Amino acid sequence: MLKSLGPGIITGAADDDPSGIATYSVAGAQLGTKLLWTALLTWPLMAAVQIMCARIGKVTGRGLAGNLKQRFPKWLLLVVVVALLIANTINIAADLAGMADAASMLSGINSHWFVVAFAILISWATIRLRYQQIANVLKWLVLVLFAYPVTAFVVGADWGQVLRDTLVPSMPRTRNEWATLVAILGTTISPYLFFWQASEEVEEEKSAGQSSLAKRRGATSEELDLRNIDVGVGAFFSNMVMFFIILTTAITLNRHGITNIETSRQAAEALRPFAGSFAATLFTLGIVGVGFLAIPTLAGSAAYAFAETLGWRQGLNKKLRQARWFYALILGSTAVGVALDFIGVNPVKALYWTAVINGLLAPFLLVAILIVAADKKLMQGQSSSRLGWVVVAATTIAMFVAGVAMFVV
């Protein structure tokens, strides 16, 4: 079981990237602990969606785009993957900016140097290392996220109030509160994670020697059960970290009237007077560490989606000369992310609204995933369970409702 842990945990941790940290910090600073209950709600929803995507990849031997291609027009799939690439590139820019600001805060060196250095280091590692090596590095990077629960306990909280706000939902009342809820859903149940999870399953099978599609088709009950555990643990870990980021910013920034957060660096610096240098440094180190985990996931998910849609050779297990277009897209999106930082785009504002857009687009993609997951022919007679299908359908409806409420309330 321990050997099987990896793809689900990596995906869950990548969900708490610097952009996610910014979104959760905004939620905590603006609304206090009012939305803590969302972490409890999104855990089973995120787990069900990612388990379905993992099952699609593991059973069919193809990534998500490869399966969507079997059921939907190519032009429609191209619209989806182009939107994915644009959203992911903005995410990469914001994540690089968040990492660089955090590193600059710790070192005093201009953040632009760090943007370039981090982009070069991540790009080199993505091209030079093979999938299994990358996966092993990402597994260890997951540990940096423990910085956020530790920070919350260092700061201290009214745990009675925290428990009430966690167990008793406080529904949004204003358009801004609904937008924040949509942003949380969009950054927690995010389209790029759907594509990455399915592609990781394929890479795992390739690493195990199942090089052809025929060899990868189908999965044993034990393999599916182990992956369910892996994804469930990853989703729990992801939402636990989300919970503590909202809590930390709520009991420090919101409590002291600081509700307008523009950058992740501001969130970290604002903690210092109320939480102390140790807590602020932990918060900052978490931003840097998780960025190294998230950026390869963001760039890779879009590259996998494009490669399967257009029939390119692809995979992090291949060398540069074997999958030129696949790696070109990874390098290109990272380079554009660097350029966006240098032209002065406000990363947190762009990212926050990217999360909102993801929250509006994700339910449409979830409808397509539900159709694929229920297709007995595509799924080799191993369709998703009725319970899993119902939970993902409920997630889809909830995201549609939240998106509509944002405009009509």
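Note that the structure is predicted; figures quoted are calculated from it, not measured.

### Looking at the nonpolar core
Phe194, Leu247, Phe326 and Ile369 are the most contacted members of the largest nonpolar core, which has 110 residues in total. When residues in this core are grouped by element, the largest group, 14 residues, is from helix H15 (residues 277–310). Not counting residues up to four positions away in its chain, the partners in contact with Phe326 are Ala303, Tyr304, Ala307, Trp312, Arg313, Gln314, Gly315 and Leu316.

### Considering the side chain of Glu201
Among the secondary structure elements, Glu201 is positioned in helix H11 (residues 191–207). Residue Glu201 is classed as buried on the basis of its relative accessible area, which comes to 0%. For Glu201, the contacting residues outside a window of four places in its chain are Pro7, Ala54, Gly57, Lys58 and Arg227.

### Some points on the side chain of Ser238
Turning to its location among the elements, Ser238 is positioned in helix H13 (residues 221–252). Every residue in contact with Ser238, bar those within four places of it in the chain, is listed here: Gly12, Asp15, Asp16 and Met46.

### A few points about the packing of aromatic side chains
Summed over all chains, the structure comprises eleven aromatic pairs. For the pair Trp43 and Phe236, a centre-to-centre distance of 5.0 Å together with 65° between the ring planes defines the contact as edge-to-face. With Trp43 in helix H3 (residues 37–60) and Phe236 in helix H13, the pair connects residues that are 193 residues apart, well separated along the chain. In this structure Phe236 comes out as partly exposed when scored by relative accessible area, which is 41%.

### Some words on the pattern of salt bridges
Under the criterion given, the structure shown has four salt bridges. A salt bridge links Lys58 to Glu201, with the shortest nitrogen-to-oxygen separation between them at 3.9 Å. Here Glu201 lies in helix H11 and Lys58 lies in helix H3, a separation of 143 residues in the sequence. Looking at Lys58, the relative accessible area reads 8%, which means it is buried. Where Arg227 meets Glu201, a salt bridge forms, and the shortest distance between an N and an O atom there is 2.7 Å. Highlighted residues: Arg227 in helix H13 and Glu201 in helix H11, separated in sequence by 26 residues. The buried category is assigned to Arg227, whose relative accessible area is 7%. One network of salt bridges, in which partners are shared, links Lys58, Glu201, Arg227 and Asp230.

### A word on the confidence of the model for the protein
Per-residue pLDDT for the protein has a mean of 81; in total, 89% of the residues score no lower than 70. Across the protein, helix H16 (residues 324–342) holds the top mean pLDDT of 90, while helix H14 (residues 264–275) sits lowest at 67.

### Description of the packing of helix H2 (residues 18–31) against H15
The description of two packed helices rests on the angle between their axes and on the distance between the axes. The interhelical angle for the contact between H2 and H15, taken along N-to-C directions, is 140°, at an axis separation of 8 Å. As far as their axial angle goes, H15 and H2 are oblique. On H15, the residues touching Pro18, Ile21 and Ser25 of H2 are Phe283, Ile287, Val290 and Gly291. Of the residues contributing to the contact of H2 with H15, the split by class is five nonpolar, two polar and no charged.

### Brief notes about a nonpolar patch on the surface
Together, Leu40, Leu163, Leu167 and Val168 make up a nonpolar patch on the protein surface, roughly 390 Å² of accessible area in all. Secondary-structure assignment places Leu40 in helix H3.

So, how was this worked out
Residues numbered from 1 in each chain as written. Predicted model: local features only at pLDDT ≥ 70, side-chain atom pairs only at ≥ 80, totals over all residues. Heavy atoms only, no water. Core = buried A, V, L, I, M, F, W, Y, C linked by side-chain atoms within 4.5 Å. Buried < 20%, exposed > 50% of the residue type's maximum accessible area, 1.4 Å probe, protein only. Helix = DSSP H or I, 4+ residues; strand = E, 2+ residues; numbered from the N terminus. Contact = heavy atoms within 4.5 Å. Phe/Tyr/Trp six-rings, centres within 6.5 Å; stacked < 30°, edge-to-face > 60°. Salt bridge = Lys/Arg side-chain N within 4 Å of Asp/Glu carboxyl O. pLDDT = per-residue confidence, 0-100. Axes fitted to C-alpha atoms, helices over the stretch in contact; angles between N-to-C directions. Parallel < 35°, antiparallel > 145°, perpendicular 65-115°, else oblique. Nonpolar A, V, L, I, M, F, W, Y, C, P; charged D, E, K, R; others polar. Patch = residues over 30% accessible without salt bridge, like charges linked within 9 Å, V, L, I, M, F, W, Y side chains within 5 Å. Areas by Shrake-Rupley, 256 points an atom, 1.4 Å probe, with all protein chains shown as cover.

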